[in-house]
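Listed below are the residues making up each chain.
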Amino acid sequence: MSLPELIIRPRRLRTTPTMRRMVRETTLSAADLIYPLFVDETIDAPIAVASMPGVSRIPLSQVGDAVREVEALGISGIILFGIPAVKDAVGSGGWDENGIVQQAIRAAKAACPDISVIADTCFCEYTDHGHCGVLHGEDVDNDATLVNLQREAVSYAEAGVDIVAPSGMMDGMIAAIRQALDAAGFTNVPIMSYAVKYASGYFGPFRDAADSTPAFGDRATYQMDPGNRREAIREAILDAEEGADFLMVKPALAYMDIIREVKDATLLPMAVYNVSGEYAMVKAAAEKGWIDERRVVLETMLGFKRAGADLILTYHALDVARWLRDS
Ligand code: PBG
Ligand code: ZN
């Protein structure tokens, strides 16, 4: 057998680390990352979240230190989730000027004025039934919830938040929040919309962390059906038209195709949420010694970027930033 005269040789560009770096199409940096923080009004010391090794709920008194650590690693921002001492049927803790998230925003900004403080803007952590808004019978009343979202977003802005991130998948939530923020003088507070959020089994560990499991039923009447692709584009375009400043796709790993499609169909910066169940799977396999955690996590983050993510919300953020710094 004789070889062909001309073999095209892609391997030529893989011969050395330097050559590989020169032709690398996608890169990852700490600035791409946003770290979720759970702040619990009812505790004085951190409590580990059993299903999310390495993640804890922290008391208000530790927010400053946590944010300083995040900033020192070059991570762009934090997203805050609050566990309030008291819950009620409508989630009024969400717009209490001394609510746990409002206090956490003030503590974070006082410690690190330059970091982006994002507040998840929803009601499931504040309602005694765990749904993402006001109930009408057993379903969430969309328009009654919009009015409360307006109050909540303005209250977070008054506390000094940099970005509000509505996550409840209510119709019209972006337009309603934009109008309320503008009317209150917060024309420069951007909205990061959880525009494409699926009704997902991957949120399980989060609901332990945030104490937000629905007391009955599920979120299928507001979050999206996992089979839908065209609807994702529709939701993203609607939120862009309503005035969103960032779009988000969530979860991330099982929805890489959606990340790419939404990126190609829209023009806003795009975030992806590498959610609690995705994190838990990797940590569990790593603890068993079945995968190389560092390698798998960095590869996954690069995959999100390659799929079109500009920003990644991830519980791995501190580890990733350290690995990038030390490599
Ligand atoms: C609140 C909210 C949830 C997550 C982010 N914001 C939970 C849910 O919708 O049930 C999930 C994050 C994660 O799983 O890491 N609406
Ligand atoms: Zn919610």
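This report concerns the structure included in the present document.

What counts as what
Residues numbered from 1 in each chain as written. Chains lettered and ligands numbered in written order. Predicted model: local features only at pLDDT ≥ 70, side-chain atom pairs only at ≥ 80, totals over all residues. Heavy atoms only, no water. Patch = residues over 30% accessible without salt bridge, like charges linked within 9 Å, V, L, I, M, F, W, Y side chains within 5 Å. Areas by Shrake-Rupley, 256 points an atom, 1.4 Å probe, with all protein chains shown as cover. Salt bridge = Lys/Arg side-chain N within 4 Å of Asp/Glu carboxyl O. Lys, Arg positive; Asp, Glu negative; His and termini not counted. Charge placed at Lys NZ, Arg CZ, Asp CG, Glu CD. Helix = DSSP H or I, 4+ residues; strand = E, 2+ residues; numbered from the N terminus. Buried < 20%, exposed > 50% of the residue type's maximum accessible area, 1.4 Å probe, protein only. Donors = N, O, S within 2.8 Å, 3.2 Å for Na, K, Ca; no water. Tetrahedral: all angles 85-135°; square planar, octahedral: opposite > 155°, others 65-115°. Pairing = 2+ DSSP bridges. Right-handed = clockwise from strand over helix to strand, strands pointing away. Phe/Tyr/Trp six-rings, centres within 6.5 Å; stacked < 30°, edge-to-face > 60°. Expected span 1.5 Å × (residues − 1). Contact = heavy atoms within 4.5 Å. Near = heavy atom within 4 Å. Polar contact = N/O pair within 3.5 Å; in protein donor to acceptor, adjacent residues only side chain to side chain. 1 Å grid on protein atoms, 1.4 Å probe; cavity = no way out; pocket = protein on both sides within 12 Å on 5 of 7 lines; lining within 4 Å. Sits in = over half its atoms within 2 Å of the grid points. Core = buried A, V, L, I, M, F, W, Y, C linked by side-chain atoms within 4.5 Å.

**Section: a positive patch on the surface**
Phase 1 of the analysis: A grouping of R9, R11, R12 and R14 is seen on the molecular surface, where their side chains present a positively charged patch.
Phase 2 of the analysis: The residue R11 is located in the segment before α1 (17-22) in this model.
Phase 3 of the analysis: With a relative accessible area of 66%, R11 lands in the exposed category.

**As for the coordination of the zinc ion (ligand 2)**
Phase 1 of the analysis: Around the zinc ion (ligand 2), the protein supplies C122 (SG), C124 (SG) and C132 (SG) as donor atoms, at distances of 2.2 to 2.3 Å.
Phase 2 of the analysis: One way to put it: the 4 donor atoms around the zinc ion (ligand 2) meet at angles of 94 to 123°, and that makes the site tetrahedral.
Phase 3 of the analysis: Of note, the zinc ion (ligand 2) draws all its donor residues from one chain, in the sequence arrangement C-x1-C-x7-C. Within this pair, whereas C122 is found in the loop between β5 (116-121) and β6 (135-136), its partner C132 is found in the loop between β5 and β6, the two being separated by 10 residues in sequence.

**Here we look at the pairing of strand β10 (residues 246-250)**
Phase 1 of the analysis: Most of β10 sits out of view: 5 of its 5 residues are buried.
Phase 2 of the analysis: Here strand β9 (residues 192-197) runs beside β10; their pairing, made up of 4 bridges, is parallel. Bridge assignment links M192 to a residue of β10, and that residue is F246.
Phase 3 of the analysis: The sheet contact formed by β10 and strand β11 (residues 270-274) spans 3 bridges and is parallel. Its bridge partner being in β11, L247 is matched across the sheet by M270.
Phase 4 of the analysis: Where the polypeptide runs from β10 across helix α8 (residues 256-265) and back to β11, its parallel neighbour, the crossover connection is right-handed.

**What to know about the packing of aromatic side chains**
Phase 1 of the analysis: Applying the stated criterion across every chain, the model contains 9 aromatic pairs.
Phase 2 of the analysis: Aromatic side chains F38 and Y315 sit 6.1 Å apart centroid to centroid with 10° between the ring planes, which places their arrangement in the stacked category. Note that F38 is positioned in strand β1 (residues 33-40) and Y315 in the loop between β12 (311-314) and α11 (317-326), a separation of 277 residues in sequence. Across the pair, exposure class does not vary: F38 and Y315 are buried alike.
Phase 3 of the analysis: Here Y198 and Y255 contribute two aromatic rings whose centre-to-centre distance is 4.2 Å and whose plane-to-plane angle is 15°, an arrangement assigned as stacked. Linking Y198 in the loop between β9 and α6 (204-210) with Y255 in the loop between β10 and α8, this pair joins segments that are 57 residues apart in sequence.

**A look at the pattern of salt bridges**
Phase 1 of the analysis: Throughout the structure, instances matching the rule amount to 15 salt bridges.
Phase 2 of the analysis: One salt bridge in this structure joins K87 and D211, with 3.4 Å as the shortest N-O distance. Separated by 124 residues along the polypeptide, K87 in the loop between β4 (77-83) and α3 (100-111) and D211 in the loop between α6 and α7 (230-242) bring together distant segments of the chain.
Phase 3 of the analysis: Residue K87 is classed as partly exposed on the basis of its relative accessible area, which comes to 24%.
Phase 4 of the analysis: Ionic pairing is found between R322 and D319, a salt bridge with its closest N-O pair at 3.4 Å. Note that R322 and D319 are positioned in helix α11 at a spacing of 3 residues, about one turn of the helix.
Phase 5 of the analysis: A relative accessible area of 27% means that R322 is categorised as partly exposed.
Phase 6 of the analysis: Where salt bridges share partners, they join E69, K283, E293, D319 and R322 into one cluster.

**With respect to α7**
Phase 1 of the analysis: When the terminal C-alpha atoms of α7 are compared, their 19 Å separation across 13 residues agrees well with the 18 Å that a helix rising 1.5 Å per residue should span.
Phase 2 of the analysis: Buried residues in α7 make contact with α5 (173-183), β9, β10 and α8.

**Some points on the site of ligand 1**
Phase 1 of the analysis: Lining the immediate surroundings of ligand 1 are 19 residues, of which K197, R207, K250, S276 and Y315 lie closest.
Phase 2 of the analysis: Taking D120, its side chain carries an N or O atom lying 3.3 Å from a nitrogen atom of ligand 1.
Phase 3 of the analysis: Surface burial for ligand 1 is 100%, taken as the share of its 400 Å² of free accessible area covered by protein chains.
Phase 4 of the analysis: Here ligand 1 occupies the largest cavity.

**Some words on the nonpolar core**
Within soluble globular proteins, side chains that are nonpolar generally end up buried alongside one another.
Phase 1 of the analysis: If you look at the biggest cluster of nonpolar residues, it comprises 79 residues, and the most contacted ones within it are I105, L181, V196 and V262.
Phase 2 of the analysis: If one sorts the elements of this core by residue count, helix α4 (residues 142-159) sits on top with 7 residues.
Phase 3 of the analysis: With residues up to four places along the chain from it excluded, the contact list for V196 reads M224, A232, E235, A236, M248, V249, K250, I258 and V262.
Phase 4 of the analysis: Y194, A210, Y279 and L313 belong to the second largest nonpolar core, which has 26 residues in total.

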